Amino acid sequence: MKPIDPLLRQIVEAVSERGIRTHLEQLVEPRDPFEGHASMEAAADTIAETLRGFDLQFVEERFRCEGRWYRNLIALHQGSSRNGQVLIIAHYDTVPNSPGADDNASGVAGLLEVAGTLARHRFTHDLLFIAFPLEEYGNPGSMYYVEQAKASGAPIAGVFDLEMIGYTGPTQAVPPGIQAPAVGDFIGVVGNRRSEGLVALFKEAAVLVAPSLPVQGLVVEGNGENVPLVRQSDHAPFWDAGYPAVMITDTAFLRNPHYHLPTDTLDTLNLHFLWQVAATTAASAALLAGFA
Ligand SMILES: [Zn+2]
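In short, a report on the structure. (Residues numbered from 1 in each chain as written. Predicted model: local features only at pLDDT ≥ 70, side-chain atom pairs only at ≥ 80, totals over all residues. Heavy atoms only, no water.)

1. What about the coordination of the zinc ion?
- Summarising the metal site, the zinc ion is bound by the protein donors His91 (NE2), Asp103 (OD) and Glu163 (OE), whose distances to it range over 2.0 to 2.1 Å.
- Read in sequence order, the donor residues coordinating the zinc ion give the pattern H-x11-D-x59-E. One end of the pair, Asp103, is in helix H4 (residues 101-118); the other, Glu163, is in the loop between strand S5 (156-162) and strand S6 (187-192), with 60 residues separating them in the sequence. You'll find Asp103 and Glu163 in the same group, each marked buried. (Donors = N, O, S within 2.8 Å, 3.2 Å for Na, K, Ca; no water. Helix = DSSP H or I, 4+ residues; strand = E, 2+ residues; numbered from the N terminus. Buried < 20%, exposed > 50% of the residue type's maximum accessible area, 1.4 Å probe, protein only.)

Here it is, written out as structure tokens:
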């Protein structure tokens, strides 16, 4: 590690691989809104209980979709100035018949570990930790959240969307027109032009706190309309509303052969990699929120 701010060091040292494993063990099983509905709701209860345990202000934002109610789970760590917001988000649903370890228990576990760590420090900006349902079904949860945020003039300074952050593999598919390594050992950080600063911040944070983590940044034009797969997560509604947001991802089906299958299980994950990504996310969010 390079010499870093002692507060940043404290944060990184508090992010724990063991904590991440514990969160994963509570979450990994089918959590789709159909056959997996009960376990999706149980996962929501678990996430809510964990966030409440961190002594954050917790609210559930309920919205209706196709005749049923769903919950966005929101924990607020109030900042000293309240003139900016930093969001860390992840979706907690799955497709049917997949236990969704990488997609996206990995992202939720990272979010919970980062929340527990950052809750113990004071920041200038507000920090919000948000778990959304129904990402796999067109993002109505994050769309609903963004509508309310926009209407109330929420001063969102940046969004970190944890979308599959636990898988590494020997091979990496790369779509035409995109440059990336052929080995699947890096974490991808995808932004649009407005979010270029967040991509750079994440890279800088990785150099400080997880120097052996390869980070591959990608900045797309517009809101990623020309590369539809870069829009496939809950950051897209934030882009569309004009907020800076990045998707942090192991690149999903471009790397992980278990994507959306019954074999997306905990034993296929690389927990050290997941820890590196969580530590870098915690550091990035802390730097953006500013120590108070
Ligand atoms: Zn996903």
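Picking up where we left off.
2. A word on the packing of aromatic side chains
- Within this structure, the stated rule accounts for 8 aromatic pairs.
- Their ring planes at 55 degrees and their centres at 6.5 Å tell us that Phe238 and Tyr243 sit as a pair that is tilted.
- For Phe238, a relative accessible area of 0% gives the class buried.
- Put simply, the rings of Phe132, Tyr145, Phe238 and Tyr243 pair up and form one aromatic cluster.
- Over the face of the ring belonging to Tyr243 we find Lys150, whose NZ or CZ atom lies 5.5 Å from the ring centre.
- We note Arg255 situated over the ring of Phe186; from NZ or CZ to the ring centre the distance is 4.7 Å. (Phe/Tyr/Trp six-rings, centres within 6.5 Å; stacked < 30°, edge-to-face > 60°. Lys NZ or Arg CZ within 6 Å of the ring centre and 35° of its normal.)

3. Section: the pattern of salt bridges
- In this structure the tally under the stated criterion is 8 salt bridges.
- Taking the shortest distance from any N to any O, the salt bridge between Glu60 and Arg62 comes out at 3.0 Å.
- A salt bridge links Arg82 to Asp126; the nearest nitrogen and oxygen atoms lie 2.8 Å apart. On the criterion of sequence distance, the pair formed by Arg82 in the loop between strand S2 (68-77) and strand S3 (85-91) and Asp126 in strand S4 (residues 126-132) is long-range, its members being 44 residues apart.
- The exposure class assigned to Asp126 is buried, which follows from its relative accessible area of 3%.
- The structure contains a network of salt bridges with shared partners spanning Glu41, Asp45, Glu60, Arg62 and Arg71. (Salt bridge = Lys/Arg side-chain N within 4 Å of Asp/Glu carboxyl O.)

4. Focus: unusual backbone geometry
- With omega at 5 degrees, the peptide bond leading from Asp103 into Asn104 counts as cis.
- By secondary structure assignment, the location of Asn104 is in helix H4.
- We note that Asn97 has phi near 65 degrees; this positive angle belongs to a residue other than glycine.
- Tracing the sequence through the fold places Asn97 in the loop between S3 and H4.
- For Asn97, a relative accessible area of 51% puts it in the exposed group.
- Of note in the backbone geometry, Asn139 takes a positive phi value of approximately 60 degrees without being a glycine.
- For Asn139, the location among the structural elements is in the loop between S4 and helix H5 (140-151).
- Among the residues examined, Asn139 registers a relative accessible area of 11% and is labelled buried.

Just geometry here; none of it tells us what the structure is for.
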